[in-house]
Amino acid sequence: MSKVCIYKCQSYEEKEVNGVIDNIINSFDLLKKIKKGTKVVIKANLVSAMDPNKAVTTHPVLLKSITNYLLSKGCSVVIGDSPGGVYTKAYLNRVYNATKMNETCAILNNNFSTKKTVFKKAKVLKSFEYTAYLDDADFIINFCKLKTHGMMGMSCAVKNLFGTIPGTMKPEYHYRFPNHSDFANMLIDLNEYFKPNMNIVDAIVGMEGNGPTMGDPRRIGCVLASTNPYALDYICAKIIGLGINDVETIKQSKLRNLFDETKIELNDDVDKYVIKDFQIKKDINSLMFFSNKKGFFSKLISKASNKIFANKPCLKKSKCIGCGKCANICPAKAITIDNKKAKIDRSKCIKCYCCQEFCPIGAMVVKSSLVMKVLHSKKRKK
Ligand code: SF4
Ligand code: SF4
């Protein structure tokens, strides 16, 4: 049985948040009985240097509440993450300031070294390099945000551990794992390697639409927690209207027997929290766009289905300011800046949606193909 706790929380008012964090602590013995001197690392979602009101990053009031509890128990608390871009003190200080991490009472990670490791039990990620501050932890809390995600459908507990990979190396992973199932398994391997002791989701205000950085804040009104990130993601997906097959990390974790949706113990009725009109592209993960199979016909079929069905990154030309951030981050080198506007070479694009994630003004969006739009509008009408 995997235990998932869900607690109603309508605002980031300290009093309400403290009450919810108390409920979570009282629901899990490993938090309630945490020992004095434990070194706790909180892996927050600090994907971009943006104000907490934009609903991109884990809210500081939640982090402050759990930090204060841990400090009161005699633990030390470090908050960290490695967003896309350089993994340096100067860059992270900008992120910490914008996301108001200074208000959390925790130590903000100041160790920007990285380490290489081998993970023999991994399904796909046999070796990798990660942010070394995680090695100092006796206890890891994965404290994420519930959002839509251009490539993976949803960003929640499992996806949040991609932040253990140093920022500048992330594009390389899109190249190493270009299809959704391998990319999802890579994320699952990261979760299996670090095995966070606790996973908590900030779903008070999540993000819908053009997530994970340029969507719209949407009140969901709850905080969830579990020691099992896969069961937790499954419940979060349900809340925003997604099923097992809509989110590749959930599908793959089920295939790997890491959770069983019929064996989840919930403290409340999840249906009370479901948001029926949450804005999300369900079709993103419903097909495998990149075939690993060799051979002329497999490749041809993969190419054709890609053209017909796959979503695409599209530029809102009038919004683009030609800053070049998308071109720098694009792992396939598919973007050039032409006449102060981004230009995508579709023959090179691997549909990782890094350009959409890192465009600072939302000029890059994920668009559904016409065929998928028709299929989904028919599905909705039924
Ligand atoms: S990051 Fe956004 S604004 Fe900058 S060039 Fe790319 S699309 Fe244009
Ligand atoms: S153009 Fe965008 S979606 Fe395509 S490979 Fe580059 S970053 Fe990824």
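Further up the page is the structure itself.
Owing to the predicted nature of the structure, the values given are computational and were not obtained by experimental measurement.

Draft legend 1. Region of the structure containing the site of ligand 2. By nearness alone, 14 residues border ligand 2, and Cys-330, Ala-332, Cys-349, Cys-352 and Cys-355 come closest of all. Each residue belonging to the shell around ligand 2 can be placed in one class, and the counts come to 13 nonpolar, no polar and one charged.

Draft legend 2. Representation of the pairing of strand 9 (residues 198-208) in the model. In terms of burial, strand 9 is a largely internal element, eleven of the eleven residues being buried. One ladder, built from six bridges, connects strand 7 (residues 139-149) with strand 9; its direction is parallel. Bridge pairing links Ile-141 to Met-198 in strand 9.

Draft legend 3. Here's a closer look at the site of ligand 1. As a structural note, the neighbourhood of ligand 1 is formed by 13 residues, with Cys-320, Cys-323, Lys-325, Cys-326 and Cys-359 the closest of them. Across the shell around ligand 1, the residue classes break down as ten nonpolar, two polar and one charged.

Draft legend 4. Looking closely at the pairing of strand 13 (residues 335-338). Of the pairings in the sheet, the one linking strand 13 to strand 14 (residues 341-344) comprises four bridges and is antiparallel in character. For Ile-337, the partnering residue across the bridge sits in strand 14 and is Ala-342. Linking strand 13 back to strand 14 in an antiparallel pair, the connection comprises two residues, with Asn-339 at a positive phi of about 55 degrees.

Draft legend 5. The arrangement of the nonpolar core in detail. Of all hydrophobic cores here, the largest spans 105 residues; its most connected members are Ile-42, Val-201, Ala-203, Val-223, Leu-224, Cys-236 and Cys-355. With eight residues, helix 8 (residues 229-239) is the single largest residue contributor to this core. Mapping this core onto the domain boundaries places at least three of its residues in each of domain 1 (2-283) and domain 2 (310-381). Setting aside chain neighbours within four positions, we find Ile-42 in contact with Leu-63, Val-77, Ile-79, Ala-106, Ile-141 and Phe-143.

Draft legend 6. A look at helix 8. For helix 8, the buried fraction is high: ten of the eleven residues fall into the buried class. Buried within helix 8 we find Pro-229, Tyr-230, Ala-231, Leu-232, Asp-233, Tyr-234, Ile-235, Cys-236, Ala-237 and Ile-239. Backbone geometry just downstream of helix 8 places Gly-241 in the positive-phi region, at approximately 85 degrees.

Draft legend 7. Structural view of the packing of helix 8 against helix 9 (residues 248-255). Relative to each other, helix 8 and helix 9 sit at 135 degrees, their axes nearing to 10 Å. In terms of axis orientation, helix 8 runs oblique to helix 9. Two packed elements cross with a definite hand, and for helix 8 against helix 9 that hand is left-handed. Residues Tyr-230, Asp-233, Tyr-234 and Ala-237 of helix 8 form the contact with helix 9, whose own contacting residues are Thr-249, Ile-250 and Ser-253. Across the contact of helix 8 with helix 9, the residue classes break down as four nonpolar, two polar and one charged.

Draft legend 8. Examining the environment of Lys-147 more closely. Mapped onto the elements of the fold, Lys-147 is located in strand 7. Judged by the 29 C-beta atoms lying within 10 Å of it, Lys-147 falls in the buried class.

Draft legend 9. Geometry of unusual backbone geometry. Each neighbour pair has its own omega, and for Gly-211 with Pro-212 the value is 15 degrees, a cis peptide bond. Of note, Pro-212 is situated in the loop between strand 9 and strand 10 (216-226). Positive phi, close to 70 degrees, is recorded for Cys-105, a residue that is not glycine. For Cys-105, a count of 16 C-beta atoms within 10 Å gives the class partly exposed. For Lys-195, which is not glycine, the phi torsion reads 40 degrees and is therefore positive. Along the polypeptide, Lys-195 turns up in the loop between helix 7 (180-194) and strand 9.

Draft legend 10. Quick look at the packing of helix 1 (residues 14-27) against helix 3 (residues 60-72). Relative to each other, helix 1 and helix 3 sit at 55 degrees, their axes nearing to 9 Å. One way to sum up the angle between helix 1 and helix 3 is to call them oblique. As for how helix 1 packs across helix 3, the hand of that crossing is right-handed. Two secondary-structure elements touch here, helix 1 through Glu-14, Val-17, Asn-18, Ile-21 and Ile-25 and helix 3 through Val-61, Leu-62, Ser-65, Ile-66 and Tyr-69. Residues of the contact of helix 1 with helix 3, tallied by class, amount to seven nonpolar, two polar and one charged.

Thresholds applied
Residues numbered from 1 in each chain as written. Chains lettered and ligands numbered in written order. Predicted model: local features only at pLDDT ≥ 70, side-chain atom pairs only at ≥ 80, totals over all residues. Near = placed C-beta within 6 Å. Nonpolar A, V, L, I, M, F, W, Y, C, P; charged D, E, K, R; others polar. Buried ≥ 20, exposed ≤ 12 C-beta atoms within 10 Å, placed from the backbone. Helix = DSSP H or I, 4+ residues; strand = E, 2+ residues; numbered from the N terminus. Pairing = 2+ DSSP bridges. Core = buried A, V, L, I, M, F, W, Y, C linked by C-beta atoms within 7 Å. Domains from an automatic or database assignment. Contact = placed C-beta atoms within 7 Å. Axes fitted to C-alpha atoms, helices over the stretch in contact; angles between N-to-C directions. Parallel < 35°, antiparallel > 145°, perpendicular 65-115°, else oblique. Left-handed = near helix turned anticlockwise from the far one by under 90°.

Spatial relationships are all this shows, so hold off on functional conclusions.
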